Amino acid sequence: MLNDEIQALTNRIELLNRKIIREKAAKKAAEVLLEEKSRELYSAKQLVEDSLIHIKEQSKQGMALLHFKSHLESILLDYNQLLLQKPISNILLQRLLDDLIGIENIKASRIRFKSPIKENVFDTFLAGNKALIQPISTANQPLCWSDDHQQIKLIIKTETSILGSLTLVIESPTSWQNTVEKQLLLFCDMISAAQRRQELLENTIKEKLRAESSEQSTRDFVAMINHELRTPLNGLLGSADLMLDTSLSSYQQQLLNTMHQSGELLRVIINDLLDLSKMSAGMLQIVKIKFSPEKLCKMIFDIFKQRTDEFGLLFNYHYQQSIPQTLIGDPDRIKQILVNLIGNSIKFTREGEIRVDIYWAEQALCFTVQDSGCGIPEDKIPTLFDPFTQVNNSSNRAYEGTGLGLAICKQLVDEMKGDIRLTSTLGEGSCFDVSLPLDIAKTSVLNIQQPQAQYPIETLDVLVVEDSKVNQMLIEMILAKFKITPAIANNGQEAIDFLANNSVDVIFMDCRMPVVDGFEATTLLRDKGYTKPIIALTASTTSVETEQCYRCGMDEIINKPYQQEDIKSALIRWGHIIDAAKQ
């Protein structure tokens, strides 16, 4: 029994010893694990501290980069707006460099830019510590860094040429390079764009000045050639007109008729050429006055009735009575359109008829001119209104002419905001339809072109101011038919000197003369209080010279080549006005 208890106690003690041994082993293992965890915790702590330091460093660099980028963007925005308002200049380039080195990281800056004065020469602009800038070869690359990555050089260029370069010394980490490159490329693009705008503006100004000079030269040429062509034509037609009243043999009469017809044809050609030149130079004048369409169309009928009879053509002319009695427009230009169209139809019609219908529709004066002539091929119609264009331009063509009539008609219709259309069938004839929008006058028109009553013009004292000896002789002979012996002055200064001691009733004043021309002479006379009528005798029909005549104080214009009736009508009209002023 005792042995059993001792045995049990021994077993229990053994169990306890084994438990103690296990607990000691567990404790030792726990101590080893704790030591390992302590070491791991320490390592983790060190890693966190190192990471925190790294993050702080990165954050600091990121803020510095953000600050650097913000400064660059601000300068870029300011100069982009400035260069939109002002051209690139030495002062602006230097200011840009000075502002760039105001950024903490930029220590020096340089721009080399092509000289606006000397070709293939580049001006240099510097700011900051110039000694820091070292030579860098870009090797035709748009940008390049120095070996130590502290200096960058960028090429400023357009699509076709090198404008210069931008060099900066920057104290920054290599991680900034991508951002620095992008920002500075924007600066180069800004300068390049400003240079292109400046060159485009300069070229535009040059082209504008060239165009203005060309336009003025064209205007001067048209005015000059207008005068130079019409002046001798005035002598030719005026002399032929005077010869009609003399005793001539049948042979002489035949020669005179030929001369007169040739002169009239030459006048038409000159008028067409000058009208086209005036249109091209923007000198065409469309006036707006009251006129009677019925009287205008009656005049057209009288002109062409005789011609169609001579050619054996039937002339059907219809004027709608519902057309307003008085319209506002340019009767001379409307007459020119009708004359060109009807004359063209007669020219290309060997037999048959010419039909003219004139009517009022949709607030427009409309007329159709239809013929039974040779017609026009369909492929020629689109170009028929172009200048110097005819259906047949070959040297053996059957019909002569400059090919300007229809081109002028088209230009005149366009100027009057109207419409002209052509329909034609080859071998059957052509039809022109014209529509001209015109205003209706509230009162009837007074025909101021025709004197209302005769006047004893032989009682008038007349001064003729004309430098051309031929035209002096011509107007003297015309006035002699009216029993008037005029005083003659060769230029404006002679006229002023003559009028200082003599009195006349009417002055006929040429415009273009040596010493003092007609414009200046008229201005000087009006400034001195001279009130008698001054009538321009001008070879120019341009709107510029017409306006100049009235602006300097002339009362009326008679265009060369003039005829006896033009001079007589003017004298009768102003004779009545002078008498009315005396009463």
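Look a little higher up for the structure.
Quick caveat: nothing in here was measured; it's all calculated off a predicted structure.

What counts, and at which threshold
Residues numbered from 1 in each chain as written. Predicted model: local features only at pLDDT ≥ 70, side-chain atom pairs only at ≥ 80, totals over all residues. Heavy atoms only, no water. Helix = DSSP H or I, 4+ residues; strand = E, 2+ residues; numbered from the N terminus. Buried < 20%, exposed > 50% of the residue type's maximum accessible area, 1.4 Å probe, protein only. Contact = heavy atoms within 4.5 Å. Areas by Shrake-Rupley, 256 points an atom, 1.4 Å probe, with all protein chains shown as cover. Pairing = 2+ DSSP bridges. Axes fitted to C-alpha atoms, helices over the stretch in contact; angles between N-to-C directions. Phe/Tyr/Trp six-rings, centres within 6.5 Å; stacked < 30°, edge-to-face > 60°. Salt bridge = Lys/Arg side-chain N within 4 Å of Asp/Glu carboxyl O. Arc of directions from axis to C-beta. Polar contact = N/O pair within 3.5 Å; in protein donor to acceptor, adjacent residues only side chain to side chain. Patch = residues over 30% accessible without salt bridge, like charges linked within 9 Å, V, L, I, M, F, W, Y side chains within 5 Å. Core = buried A, V, L, I, M, F, W, Y, C linked by side-chain atoms within 4.5 Å.

From N to C terminus, the protein chain includes twelve helices and 18 strands. Of all 583 residues assigned to the protein chain, the portion counted as buried reaches 41%. When contacts within the protein chain are restricted to residue pairs at least 6 apart in sequence, long-range pairs at least 24 apart make up 67% of them. Within the structure as shown, the protein chain displays about 33500 Å² of accessible surface, and the carbon and sulfur contribution to it stands at 54%.

Considering the arrangement of structural elements, one finds Thr-158 in the loop between β4 (151-157) and β5 (162-170). Aside from chain neighbours lying at most four places away, what touches Thr-158 is Leu-163, Ser-192 and Arg-196.

Strand order in the open sheet formed by three strands is β6-β8-β13, with antiparallel pairing between adjacent strands. The open sheet has two edge strands, β6 (289-291) and β13 (439-440), and neither has a second partner. Of the strand pairs in this sheet, strand β8 (residues 327-329) and β13 are connected by two bridges, and their pairing is antiparallel. Bridged to Ile-328 within β13 is Asp-439.

Before going further, it helps to examine the sheet that holds strand β7 (residues 314-319). The strand order β7-β9-β10-β12-β11 describes an open sheet built from five strands, whose pairing is mixed. Only two strands of the sheet have a single neighbouring strand rather than two, namely β7 and β11 (419-425). On average, each strand axis in the sheet is tilted by 10 degrees relative to the strand beside it, whichever way the strands run. Here strand β10 (residues 364-371) pairs with strand β12 (residues 429-437) via seven bridges, running antiparallel. Residue Thr-368 lies in a different strand from β12, and its bridge partner there is Asp-433. In the packing of helix α5 (residues 293-310) onto the sheet, contacts are made with β7 and β9 (353-361), and the angle to β7 comes to roughly 175 degrees. Strand contacts of helix α7 (residues 405-415): β11 and β12, with the helix running at about 145 degrees to β11, the strand carrying the most contacts.

Below, the discussion takes up the environment of Glu-362. Following the sequence through the fold, Glu-362 ends up in the loop between β9 and β10. Separated by 74 residues in sequence, Glu-362 and Leu-436 place their C-alpha atoms 9.9 Å apart.

Before going further, it helps to spend a moment on the packing of aromatic side chains. The final tally for this structure, using the stated rule, is four aromatic pairs. The interplanar angle of 50 degrees and the centroid separation of 5.3 Å between the aromatic rings of Phe-301 and Tyr-317 together place this pair among those described as tilted. Pair noted here: Phe-301 is in helix α5 and Tyr-317 is in strand β7, with a separation of 16 residues, a long-range link. Residue Phe-301 is classed as partly exposed on the basis of its relative accessible area, which comes to 24%. Their ring planes at 45 degrees and their centres at 5.6 Å tell us that Phe-315 and Tyr-317 sit as a pair that is tilted. According to the relative accessible area criterion, Phe-315 is buried, its value standing at 8%. By the ring-pair criterion, three or more aromatic residues cluster together here, those being Phe-301, Phe-315 and Tyr-317.

Turning our eyes to something else, we now look at the pattern of salt bridges. Throughout the structure, instances matching the rule amount to eight salt bridges. Taking the shortest distance from any N to any O, the salt bridge between Lys-410 and Asp-414 comes out at 2.8 Å. In this pair, Lys-410 and Asp-414 both sit in helix α7, four residues apart, roughly one turn of the helix. Put simply, Arg-526 and Asp-555 hold a salt bridge, and the shortest N to O gap is 2.8 Å. You can see Arg-526 sitting in helix α10 (residues 518-527) and its partner Asp-555 sitting in the loop between α11 (543-552) and β18 (556-559), a full 29 residues away along the chain.

Turning our attention to α10. All buried positions along α10 are accounted for by Gly-518, Phe-519, Ala-521, Thr-522 and Leu-525. In a view along the axis of α10, the buried residues occupy a sector of 165 degrees, so they form one face of it. At the N-terminal end of α10, a side-chain oxygen is found 3.1 Å from the backbone nitrogen of Phe-519, two or three residues along, and the residue is Asp-517.

As a further point, take the pairing of β11. Across the two faces of β11 the burial differs, with Ile-420, Leu-422 and Ser-424 buried and Asp-419, Arg-421, Thr-423 and Thr-425 not buried at all. Direction of pairing for β11 relative to β12: antiparallel, over a ladder of seven bridges. Across the sheet, the residue bridging to Thr-423 is Cys-431, located in β12.

The next point concerns a nonpolar patch on the surface. Residues Leu-201, Ile-205 and Leu-209 make up a contiguous nonpolar surface patch of about 300 Å² in total accessible area. With respect to the helices and strands, Ile-205 occurs in helix α3 (residues 177-243). Assessed through its relative accessible area of 44%, Ile-205 is described here as partly exposed.

With that settled, consider the nonpolar core. In this structure, Ile-334, Ile-337, Leu-341, Ile-342, Ile-358 and Phe-367 are the most contacted members of the largest nonpolar core, which totals 40 residues. Secondary structure elements with two or more residues in this core: α5, β7, α6 (331-347), β9, β10, α7, β11 and β12. With six residues, the top contributor of residues to this core is α6. Ignoring any residue separated from it by four or fewer positions in sequence, one finds Ile-342 in contact with Ile-300, Phe-304, Phe-315, Ile-354, Val-356 and Val-369. Ranked by size, the runner-up nonpolar core spans 37 residues in total, among them Ile-75, Ile-88, Leu-154 and Val-180.

What follows deals with the pairing of strand β16 (residues 506-510). Most of β16 is tucked away: five of the five residues are buried. Burial along β16 is two-sided: the face carrying Val-506, Phe-508 and Asp-510 and the face carrying Ile-507 and Met-509 are both buried. For strand β14 (residues 462-465) and β16, the ladder comprises four bridges, and the chain directions are parallel. Opposite Val-462, over in β16, you have Val-506 as the bridge partner. Strand direction decides the pairing type here: β16 and strand β17 (residues 534-538), joined by four bridges, are parallel. Paired with Phe-508 across the two strands is Ile-535, which belongs to β17.

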